[in-house]
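These are the residues of each chain, in order.
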Amino acid sequence: MKTLVIVEDDATFARTLGRSFERRGYAVHHAAGPRELDAVLAEVRPDFAVVDLKLGNASGLPCIRALHDANAEARIVVLTGYASIATAVEAIKLGAAHYLPKPCNSDEIEAAFAREEGDVATPISGRSTSIKTW
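Treat the numbers as computed from the prediction; the structure is a model and nothing was measured.

A. Inspection of helix 4 (residues 85-94) at higher detail. When helix 4 is considered as a whole, its buried residues turn out to be Ala88, Ala91 and Leu94. Viewed end-on, helix 4 has its buried residues packed into an arc of 135°, placing them on one side of the element. Turned more than 90 degrees away from the buried face of helix 4, the exposed residues are Ile85, Ala86 and Lys93. Those residues of helix 4 hidden inside the fold are in contact with helix 3 (61-70), strand 6 (75-80) and strand 7 (98-101). Residue Gly95 follows helix 4 closely and has a positive phi angle near 125°.

B. Structural detail: the environment of Arg75. Assignment of secondary structure puts Arg75 in strand 6. Along the backbone, Arg75 and Ala114 are 39 residues apart, and their C-alpha atoms lie at a distance of 8.4 Å. At a separation of 3.0 Å, a polar atom in the side chain of Arg75 contacts the main-chain carbonyl oxygen of Phe113.

C. Geometry of the pattern of salt bridges. With the rule as written, the count across this model stands at five salt bridges. A salt bridge links Asp52 to Lys102, with the shortest nitrogen-to-oxygen separation between them at 3.2 Å. Taken together, the positions of Asp52 in strand 3 (residues 48-52) and Lys102 in the loop between strand 7 and helix 5 (106-114) put the pair 50 residues apart, joining distant regions of the chain. Here Asp52 falls in the buried class, since its relative accessible area comes to 5%. By relative accessible area, Lys102 is classed as partly exposed at 30%. Overlapping salt bridges, with partners in common, bring together Glu8, Asp52 and Lys102 in one network.

Criteria and thresholds
- Residues numbered from 1 in each chain as written.
- Predicted model: local features only at pLDDT ≥ 70, side-chain atom pairs only at ≥ 80, totals over all residues.
- Heavy atoms only, no water.
- Buried < 20%, exposed > 50% of the residue type's maximum accessible area, 1.4 Å probe, protein only.
- Helix = DSSP H or I, 4+ residues; strand = E, 2+ residues; numbered from the N terminus.
- Arc of directions from axis to C-beta.
- Contact = heavy atoms within 4.5 Å.
- Polar contact = N/O pair within 3.5 Å; in protein donor to acceptor, adjacent residues only side chain to side chain.
- Salt bridge = Lys/Arg side-chain N within 4 Å of Asp/Glu carboxyl O.

So yeah, pure geometry; function would need other evidence.
And the structure:
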């Protein structure tokens, strides 16, 4: 059975996401933050993880490192409503496989678990620069 750890401070979202993955054949464990994750990792070695980037007043970035240290092969997906280039880069450097903006669903998360390579067809969005170019 595939083992999944969900690190999410929104208990309702975590419960809903957990049930969805249980129906897909995952053994699901939940941690509301970094301290709870340490307790979970003392008991399980996850194959997959979903980490919310913002956990109350805490960052999910240390959780990525802890999960990666527990199993370097784990497929870690970061979810966030506070997306930024800086946090995306740091999440990947720390061991995350993918970084998805909220809202997303279990289909998108599971697809991210399965993706091994980048997608060259990803559209580039237009964003003006703050640097004067004259």
